[in-house]
Amino acid sequence: MAHIIVVGNEKGGAGKSTVSMHVATALVRMGHKVGVLDLDLRQKTFGRYVANRRSFLSDQGIDLPSPDYRELPEIDQNNLREGENVYDHRLSAAVATLEPDSDFIVIDCPGSHTRLSQVAHSLADTLVTPLNDSFVDFDLLAHTDTDGVKIKGPSVYSEMVWNARQLRSQAKLRPIDWIVLRNRMGAQNMVNKQKMEAAIGQLAKRIGFRVAPGFNERVIFRELFPRGLTLLDLKDVGVKQMNISNVAARQELRDLMKSLNLPDVTIDF
Ligand SMILES: Nc1ncnc2c1ncn2[C@@H]1O[C@H](COP(=O)(O)OP(=O)(O)OP(=O)(O)O)[C@@H](O)[C@H]1O
Ligand SMILES: [Mg+2]
């Protein structure tokens, strides 16, 4: 059975697609077979990222390990069982296609609440939630008092994950290992950072997730997309000297991969 990694957060722009591409590519580069799906059927950022990689590599005449991206198959309505949701069918068909040839399946979710995203969460062995360092984004995980200090109760996204956990437990599947990544961290605003750290730590214990460091806010992450590259590919495409920021970003990716604690993965980059 492939190990399913779902990258989700209903808040837009937290860095889900960027994290998905880096995690998937890091795994392929370490010798694992990785299938990937993009559930943002409109924007398809992750799908576009992988397609850009294919075009760039073919233009340059180089071959680099790449994840196996599949579109969700179109389904003839007549093939649905009575009462079956078309999106559920498309997602399970896509997972079933990838499963035999994958050690890992990485599923990128849209920054909104959709049926597809909801079902994907219940498939997650590992759930990665990149979170911007802002109480606006935190509000989808939990509501706080006006100081941002005391947690009043879980919010929409945590409730959705809770439901997914219930479904898995009823189906006797292993529990979701949920990791919240503090992502796109900037250098400034220490007060907010400390408040967020305290609030996330408190919530982690209360609703059961692990907290891990994600990526800092760095221009390089925006520049890589058109060529479909990740931080791990730069040397192979002729970048001789990595600048300090790129070296630091690579270390962030290494730390992130370690913190995911995936089965049979030894980090060797
Ligand atoms: N660590 C980072 N540093 C700088 N820019 C980043 C970083 N991570 C992501 N970005 C940029 O932020 C924007 C949103 O990133 P991304 O598309 O990965 O987020 P998302 O959570 O998938 O968004 P959506 O919810 O719309 O799917 C993009 O322009 C991306 O290049
Ligand atoms: Mg996205």
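By convention here, each chain's residues receive numbers from 1 onward along its written sequence. All chains are assigned letters beginning at A, and all ligands numbers beginning at 1, according to the order in which they are written. The predicted nature of this model means local features are confined to residues of pLDDT at least 70 and side-chain atom pairs, given and counted, to a pLDDT of 80 or more, with totals for whole chains, interfaces and linings taken over all residues. To get the side-chain values, take all heavy atoms of the structure and skip hydrogens and water.

1. Some words on the side chain of threonine 25
So, point 1. Secondary structure follows DSSP: runs of H or I at least 4 residues long count as helices, runs of E at least 2 residues long count as strands, and numbering of each begins at the N terminus. Here threonine 25 lies in helix H1 (residues 16-29).
So, point 2. For every residue, the accessible area (1.4 Å probe, protein chains only) is compared with the maximum for its type, and the residue is labelled buried under 20%, exposed over 50%, or partly exposed between those bounds. Classification of threonine 25 as buried rests on a relative accessible area of 0%.
So, point 3. By the convention used here, residues are in contact when the closest approach between their heavy atoms is within 4.5 Å. In contact with threonine 25, other than residues within four places in its own chain, are Arg53, Pro65, Pro67, Thr230 and Asp233.

2. With respect to the sheet that holds strand S4 (residues 104-108)
So, point 1. Paired strands, in this sense, are two strands between which DSSP finds at least two bridges. In spatial order, the strands read S3-S2-S4-S1-S5-S8-S9; together these seven strands make up an open sheet with parallel pairing. Each edge of the open sheet is held by one strand with a lone partner, namely strand S3 (68-69) and strand S9 (210-213).
So, point 2. Where helices are involved, their axes are fitted lines through C-alpha atoms of the stretch in contact, as for all axes, and angles between N-to-C directions lie from 0 to 180°. Helix H9 (residues 244-260) rests against strand S5 (126-132), strand S8 (177-183) and S9 of the sheet, and its axis sits at about 160° to S9.

3. Some details on helix H4 (residues 115-123)
So, point 1. Leu116, Ser117, Ala120, His121 and Ser122 are the residues of H4 that are buried.
So, point 2. Contacts made by the buried residues of H4 are with strand S1 (3-7), helix H3 (86-98), S4, S5 and helix H6 (156-170).

4. Description of the packing of H1 against H9
So, point 1. Interaxial distance between H1 and H9 falls to 11 Å at its minimum, and their mutual angle equals 80°. Here H1 is positioned roughly perpendicular relative to H9, judged by the angle of their axes. For the pair H1 and H9, contact is made by His22, Val23, Ala26 and Leu27 and by Leu253, Leu256, Met257 and Leu260, respectively.
So, point 2. We call Asp, Glu, Lys and Arg charged. Ala, Val, Leu, Ile, Met, Phe, Trp, Tyr, Cys and Pro are nonpolar, and the rest, Gly among them, are polar. Residues of the contact of H1 with H9, tallied by class, amount to seven nonpolar, one polar and no charged. In what follows, roughly perpendicular refers to angles from 65 to 115 degrees, roughly parallel to angles under 35, roughly antiparallel to angles over 145, and oblique to any angle outside these ranges.

5. What to know about H3
So, point 1. Here the expected length of a helix is defined as 1.5 Å per residue gap, with one fewer gap than residues. Taking 1.5 Å as the rise per residue, H3 with 13 residues should run 18 Å; its terminal C-alpha atoms sit 19 Å apart, in good agreement.
So, point 2. Those residues of H3 that sit buried are Asp88, His89, Arg90, Leu91, Ala94, Val95 and Leu98.
So, point 3. Where H3 starts, the residue carrying a side-chain oxygen 2.6 Å from the main-chain nitrogen of tyrosine 87 turns out to be asparagine 85. Under the rule applied, a polar contact is a pair of N or O atoms within 3.5 Å (in protein, one hydrogen donor and one hydrogen acceptor; residues adjacent in sequence only if both atoms are side-chain atoms).

6. A short note on the pattern of salt bridges
So, point 1. Salt bridges are identified by distance alone: a Lys or Arg side-chain nitrogen within 4 Å of an Asp or Glu carboxyl oxygen. A complete count under the given rule lists 16 salt bridges for this structure.
So, point 2. Its salt-bridge partner being arginine 182, residue aspartate 133 comes within 2.9 Å of it at the nearest N-O pair. You can see aspartate 133 sitting in the loop between S5 and helix H5 (135-138) and its partner arginine 182 sitting in strand S8, a full 49 residues away along the chain.
So, point 3. Note on aspartate 133: relative accessible area 15%, which makes it buried.
So, point 4. The salt bridge involving glutamate 217 is made with arginine 222; its shortest N-O contact spans 2.3 Å.
So, point 5. By relative accessible area, glutamate 217 is classed as partly exposed at 34%.
So, point 6. Given a relative accessible area of 53%, arginine 222 falls into the exposed group.
So, point 7. Here the salt bridges do not stand alone but share partners, grouping Arg29, Arg53, Asp233 and Asp236 into one network.

7. Here's the deal with the site of ligand 1
So, point 1. Any residue with a heavy atom lying within 4 Å of a molecule or strand is counted as near it. Neighbouring ligand 1 are 17 residues, the closest being Lys16, Ser17, Thr18, Asn216 and Arg218.
So, point 2. Lysine 16 is positioned such that a nitrogen or oxygen atom in its side chain is 2.8 Å from an oxygen atom of ligand 1.
So, point 3. Contact between ligand 1 and arginine 218: a nitrogen atom at 2.8 Å from a main-chain N or O atom of the residue.
So, point 4. Under the convention used here, a 1.4 Å probe and the Shrake-Rupley method define accessible areas, while residue burial counts only the protein chains that appear. Relative to its unbound accessible area of 630 Å², ligand 1 is 81% covered by the protein chains.
So, point 5. The site holding ligand 1 turns out to be the largest pocket.
So, point 6. Elements represented by at least two residues in the shell around ligand 1 include exactly H1 and helix H8 (220-224).
So, point 7. In terms of residue count, the dominant contributor to the shell around ligand 1 is H1 (three residues).
So, point 8. Taken together, the residues of the shell around ligand 1 sort by class into three nonpolar, eight polar and six charged. Put simply, the grid is 1 Å and covers the protein atoms alone, a cavity is a trapped set of points that fit a 1.4 Å probe, a pocket is an open set with protein on both sides within 12 Å along at least five of seven lines, and lining residues have an atom within 4 Å of a point. Being in a pocket or cavity means that more than half of the molecule's atoms lie within 2 Å of its grid points.

8. Notes on unusual backbone geometry
So, point 1. Phi is positive for lysine 172, which is not a glycine, with a value near 60°.
So, point 2. With respect to the helices, strands and loops of the structure, lysine 172 is situated in the loop between H6 and S8.
So, point 3. Positioned with a positive phi, aspartate 264 is a non-glycine residue whose angle comes to about 60°.
So, point 4. Take aspartate 264: it is sitting in the segment after H9.
So, point 5. The exposure class assigned to aspartate 264 is exposed, which follows from its relative accessible area of 73%.

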